[in-house]
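If you want the building blocks of each chain, they are given just below.
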Amino acid sequence: SVLGETRLNSPRCVRIAPSSGDVIVLDHGDKCVHVFSSEGELKLDMITQGKDELVHDPYFFAVDQWANLIISDRVNHCIKVFDAEGDLMHTIGREGSNVGEYNYCMGVCPRRDGGLITVCLKNEGCIQLY
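So, a few notes on the structure that sits alongside this text. (Residues numbered from 1 in each chain as written. Predicted model: local features only at pLDDT ≥ 70, side-chain atom pairs only at ≥ 80, totals over all residues. Heavy atoms only, no water.)

**Structural notes on the overall build of the protein**
To be explicit about the condition: Per the convention used, a helix needs a DSSP run of H or I reaching at least four residues, while a strand needs a run of E reaching at least two, with both numbered from the N terminus. Per-residue accessibility, obtained with a 1.4 Å probe over protein chains only, is compared with the maximum for each type, and a residue is labelled buried under 20%, exposed over 50%, and partly exposed between these values. The contact rule is simple, with two residues in contact once any of their heavy atoms fall within 4.5 Å. A 1.4 Å probe and the Shrake-Rupley method give the accessible areas. Residues count as covered only by the protein chains that appear here.
Looking only at helices and strands, one finds zero helices and 13 strands in the protein. Listing the helices and strands of the protein from first to last along the sequence gives β-β-β-β-β-β-β-β-β-β-β-β-β. Considering the protein as a whole, with its 130 residues, one finds that 43% of them fall into the buried category. Contacts in the protein between residues far apart in sequence, at least 24 positions, make up 33% of those at least 6 positions apart. Split by element, the accessible area of the protein, about 7000 Å² in all, is 49% carbon and sulfur.

Given below as structure tokens:
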């Protein structure tokens, strides 16, 4: 079956939530994260850009073992962590070149111990562990 055939503008990446089996798609064109049930029904449209500019430029995302969405914001140079309902839990990092700082945060991967591996690819490039 096709998920969100008419809803997706420019899908960038897709993940399966480990606990629920939900299909989560980052749509870079719409600056949105769509959550579909494993049967293809839309459960949540999380608009990442808007009044409060939650995520200015969502580039990549991961889902951790607790079904939190971890989104790299390339332009704001940070990681945003949202719960399964789309509510912002916290922000990691800021612009810079020291530990905990990013120049264009490009990727993120959850670790089994609950930490994160993050990647930035501007100028010096880096990989950081949290």
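**Remarks on the nonpolar core**
This is how it is decided: Buried Ala, Val, Leu, Ile, Met, Phe, Trp, Tyr and Cys residues that are joined via side-chain atoms within 4.5 Å together make up what is termed a nonpolar core.
One finds I24, V33, F61, L69 and I71 to be the most contacted residues of the largest nonpolar core, which totals 13 residues. Sorting the residues of this core by element identifies β2 (23–27), β3 (32–36), β5 (58–63) and β6 (69–73) as the ones contributing at least two each. Contact partners of L69, with chain neighbours within four places excluded, come to I24, V33, M46, F61, A62, V63, K80, V81 and F82. Counting residues in each nonpolar core, the second largest holds eight residues, with A62, I79, I92 and C105 among its members.

**A few points about the sheet that holds strand β8 (residues 88–92)**
Let me state the cut-off plainly: The criterion for strand pairing is that DSSP finds at least two bridges linking the strands in question. All axes here are fitted lines through C-alpha atoms, helices being fitted over the stretch that makes contact, and every angle between N-to-C directions spans 0 to 180 degrees.
One open sheet holds the four strands; their spatial order is β5-β6-β7-β8, and the pairing between them is antiparallel. Among the strands making up the open sheet, the edge pair consists of β5 and β8. When the angles between neighbouring strand axes are averaged without regard to direction, this sheet yields 20°. The pairing of strand β7 (residues 78–82) with β8 spans four bridges and is classified as antiparallel. Paired with V81 across the two strands is H90, which belongs to β8.

**A look at the packing of aromatic side chains**
Convention followed: Pairing of aromatic side chains here covers Phe, Tyr and the six-membered ring of Trp, requires ring centres within 6.5 Å, and sorts the geometry by plane angle: under 30 degrees stacked, over 60 edge-to-face, intermediate tilted. Consider the ring centre and the ring normal. A charge sits over the ring if Lys NZ or Arg CZ is within 6 Å of that centre and within 35 degrees of that normal.
In this structure the tally under the stated criterion is zero aromatic pairs. A cation over a ring is seen here: R15 above F61, with NZ or CZ 5.8 Å from the ring centre.

**Some remarks on the pattern of salt bridges**
Pairing between side chains of opposite charge can happen when the charged atoms of each approach one another. Quick note on the threshold: What counts as a salt bridge is simple: a side-chain nitrogen of Lys or Arg found within 4 Å of a carboxyl oxygen of Asp or Glu.
Taken as a whole and assessed by the stated rule, the structure comprises one salt bridge. The partner of D22 in a salt bridge is K43, with the nearest N and O atoms 2.9 Å apart. Note that D22 is positioned in the loop between β1 (11–16) and β2 and K43 in strand β4 (residues 42–47), a separation of 21 residues in sequence.

**Description of the side chain of D83**
Note the cut-off: In this charge count, Lys and Arg are treated as positive and Asp and Glu as negative; neither His nor the chain ends contribute.
One can find D83 in the loop between β7 and β8. The side chain of D83 is buried and forms no salt bridge, while K43, the nearest opposite charge, is found at 12 Å. The residues contacting D83, other than those within four sequence positions of it, are A67, N68 and M89.

**Examining the layout of surface pockets**
Take a probe with the size of a water molecule and roll it over the atoms, and the empty space left behind shows itself. Note the threshold: Grid points spaced at 1 Å and placed over the protein atoms alone form the basis of the search, with a cavity being a set where a 1.4 Å probe fits but cannot get out and a pocket an open set showing protein on both sides within 12 Å along at least five of seven lines. Lining residues have an atom within 4 Å of a point. Grid points are joined across faces, edges and corners, and a volume is the space filled by probe spheres set on the points. Under the scheme applied, nonpolar residues are Ala, Val, Leu, Ile, Met, Phe, Trp, Tyr, Cys and Pro; charged residues are Asp, Glu, Lys and Arg; polar residues are all the others, including Gly.
Taken as a whole, the largest pocket holds about 160 Å³ of empty space. Looking at side-chain class alone, the lining of the largest pocket contains seven nonpolar, one polar and three charged residues.

**Remarks on the side chain of N68**
As for its position among the elements, N68 is in the loop between β5 and β6. A residue is classified by how much of its surface remains accessible, and N68, at 11% relative accessible area, is buried. In contact with N68, not counting residues within four places along its chain, are A62, V63, V81, F82, D83, A84 and M89.

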